[in-house]
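The lines below spell out each chain.
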Amino acid sequence: MPTNTFDVVDFVVNKGHGVSGLAEMGLKSVPDQYIQPVEERLESVKLLTDESIPIIDVCNWKDQTVCDAICNASKKYGFFQIINHGIPMKVLEEIQAAAHRFFQLPTKEKVKYKADDFKPGTAKLETSFVPDIDKILEWRDYLSMHYVDEETASANWPPVCKDATLDYFNRVQVIVRKIYDVLLKGLNLKGFDESKESLLMGRRLVNFNYYPPCPNPELTIGAGRHSDASVVTVLLQDDVGGLHVRAPDGESWIHMPPTKGALVINMGDMIQLLSNGHYNSIEHKVDANSTKGRMSVATFILPALHQVVAPLPELLEATGEKPLYREFLFNDYVKYFFTTAHDGKAKIEWAKI
């Protein structure tokens, strides 16, 4: 069906078919609503080929060499991959399979999870980033699942994926606590404990991100330039690739090819704020692909919405630094984050003093 004979936005957004629905139509060209300006396209990307994001073996979390590697990568790149993290390959394969099972459901089943609001403990189907405010749509559909507790998740998450998601998610939480312990001690602070739970792990989300095959990947983008609102994000990639991370020079990009069995860890805006800039959230983006759909599973670990966030007082006291960011309610940041389109790292500027 030619895209000029029907309302693309109504089909994709309002009726819930998503960009997956467009891809299934066998389009020969990308609809105008997805065509990015030249400066955002792959042709304009300057890739660094002689630099790569660190892959860190975390079989021994107490090894100081491992801890130093994590902290250094968090400061320089804002990204790193971990291997030998303890999550069995079978669990990683099953969460990927679960994500595919959801997106293979008939549209009438998937749209049951399309909602205007995102109630605690539920799942929400969405497309692009925030399609109501995206000037140009992104070539991505995603299912976001909010974790409150096991019982609520079992009652509200899609049956085709909830068990595998909970199993994977519970294992990721263990890893995140270890990462927090390393990052805090890397600032010469007390390690992670329950007193930091609400601040560092008060809100938790698991997203299935699906990027269908695209007829003109050179014209569009899977996910536009952005940094995450999280404290940290844990990402499981499939074997397709397409994730690019802004290089330390602030101009080039580094491709992060998939590593079998690895988890990608990236610093979010909140760790940059809490650490007063010692650790850095880094903008990243995902390219579309013409031959194969890409699936990723992103676990976002954030402060509780009611939590007041600001540079850690104990860090400022120990270092004598002045705060670079103001104090605010995390819910206010979330509202701002989701009422503006992807735009690199512009969003954290909202919090600067």
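For the structure given in this document, a descriptive report is provided here. No experiment lies behind these values; they were computed from the predicted model shown.

Cut-offs applied
Residues numbered from 1 in each chain as written. Predicted model: local features only at pLDDT ≥ 70, side-chain atom pairs only at ≥ 80, totals over all residues. Heavy atoms only, no water. Core = buried A, V, L, I, M, F, W, Y, C linked by side-chain atoms within 4.5 Å. Buried < 20%, exposed > 50% of the residue type's maximum accessible area, 1.4 Å probe, protein only. Contact = heavy atoms within 4.5 Å. Phe/Tyr/Trp six-rings, centres within 6.5 Å; stacked < 30°, edge-to-face > 60°. Helix = DSSP H or I, 4+ residues; strand = E, 2+ residues; numbered from the N terminus. Lys NZ or Arg CZ within 6 Å of the ring centre and 35° of its normal. 1 Å grid on protein atoms, 1.4 Å probe; cavity = no way out; pocket = protein on both sides within 12 Å on 5 of 7 lines; lining within 4 Å. Points joined across faces, edges and corners; volume = space filled by probe spheres on them. Nonpolar A, V, L, I, M, F, W, Y, C, P; charged D, E, K, R; others polar. Pairing = 2+ DSSP bridges. Axes fitted to C-alpha atoms, helices over the stretch in contact; angles between N-to-C directions.

### Focus: the nonpolar core
Next up, step 1: Of all hydrophobic cores here, the largest spans 95 residues; its most connected members are Ile70, Leu143, Tyr168, Tyr180, Leu200, Phe208 and Leu263.
Next up, step 2: In this structure, Leu200 is in contact with Tyr180, Leu184, Phe192, Val231, Leu274, Ile301 and Leu302, ignoring residues within four places of it in sequence.
Next up, step 3: Ranked by size, the runner-up nonpolar core spans 14 residues in total, among them Val8, Val19, Leu27 and Leu137.

### So, the packing of aromatic side chains
Next up, step 1: Summed over the entire model, instances satisfying the criterion amount to 16 aromatic pairs.
Next up, step 2: For the pair Tyr180 and Phe192, a centre-to-centre distance of 5.6 Å together with 45° between the ring planes defines the contact as tilted. Pair noted here: Tyr180 is in helix H7 (residues 162-186) and Phe192 is in the loop between H7 and helix H8 (197-201), with a separation of 12 residues, a long-range link. There is no split in this pair, since Tyr180 and Phe192 are both buried.
Next up, step 3: Aromatic rings pair up to connect Phe129, Phe328, Phe330, Tyr333, Tyr336, Phe337, Phe338 and Trp350 into one cluster.
Next up, step 4: The ring of Trp253 has Lys285 sitting right over it, with the charged end atom 5.3 Å from the ring centre.
Next up, step 5: Directly above the aromatic system of Trp350 lies the positively charged group of Arg326, at a separation of 4.1 Å from the ring centroid.

### Remarks on empty space enclosed by the protein
Next up, step 1: All told, the structure shown has two cavities of 30 Å³ or more when counted by the stated rule.
Next up, step 2: Its volume calculated, the largest cavity comes out at about 110 Å³.
Next up, step 3: Gly16, His17, Gly18, Leu125 and Glu126 are the residues nearest the centre of the largest cavity, which is lined by 13 residues in total.
Next up, step 4: At the level of elements, helix H1 (8-14), helix H2 (18-24) and strand S3 (123-127) are the ones that each hand at least two residues to the lining of the largest cavity.
Next up, step 5: The element contributing the most residues to the lining of the largest cavity is S3, with three residues.
Next up, step 6: In terms of residue class, the lining of the largest cavity is built from four nonpolar, five polar and four charged.
Next up, step 7: The volume enclosed by the second largest cavity comes to roughly 60 Å³.
Next up, step 8: Lining of the second largest cavity is provided by Tyr180, Leu183, Leu184, Leu187, Leu200, Ile271, Leu274 and Leu312.
Next up, step 9: At three residues, the largest contribution of residues to the lining of the second largest cavity is made by H7.
Next up, step 10: Of the residues belonging to the lining of the second largest cavity, the class tally is eight nonpolar, no polar and no charged.

### Thoughts on the sheet that holds strand S8 (residues 243-246)
Next up, step 1: The antiparallel open sheet is built from four strands, whose spatial order is S6-S11-S8-S9. Each edge of the sheet is formed by a strand with only one pairing partner; in this case those strands are strand S6 (223-226) and strand S9 (253-255). Averaged over all neighbouring strand pairs, the angle between strand axes comes to 20°, with direction disregarded.
Next up, step 2: For S6 and strand S11 (residues 284-286), the ladder comprises two bridges, and the chain directions are antiparallel.

Just distances and angles here, no functional claims.
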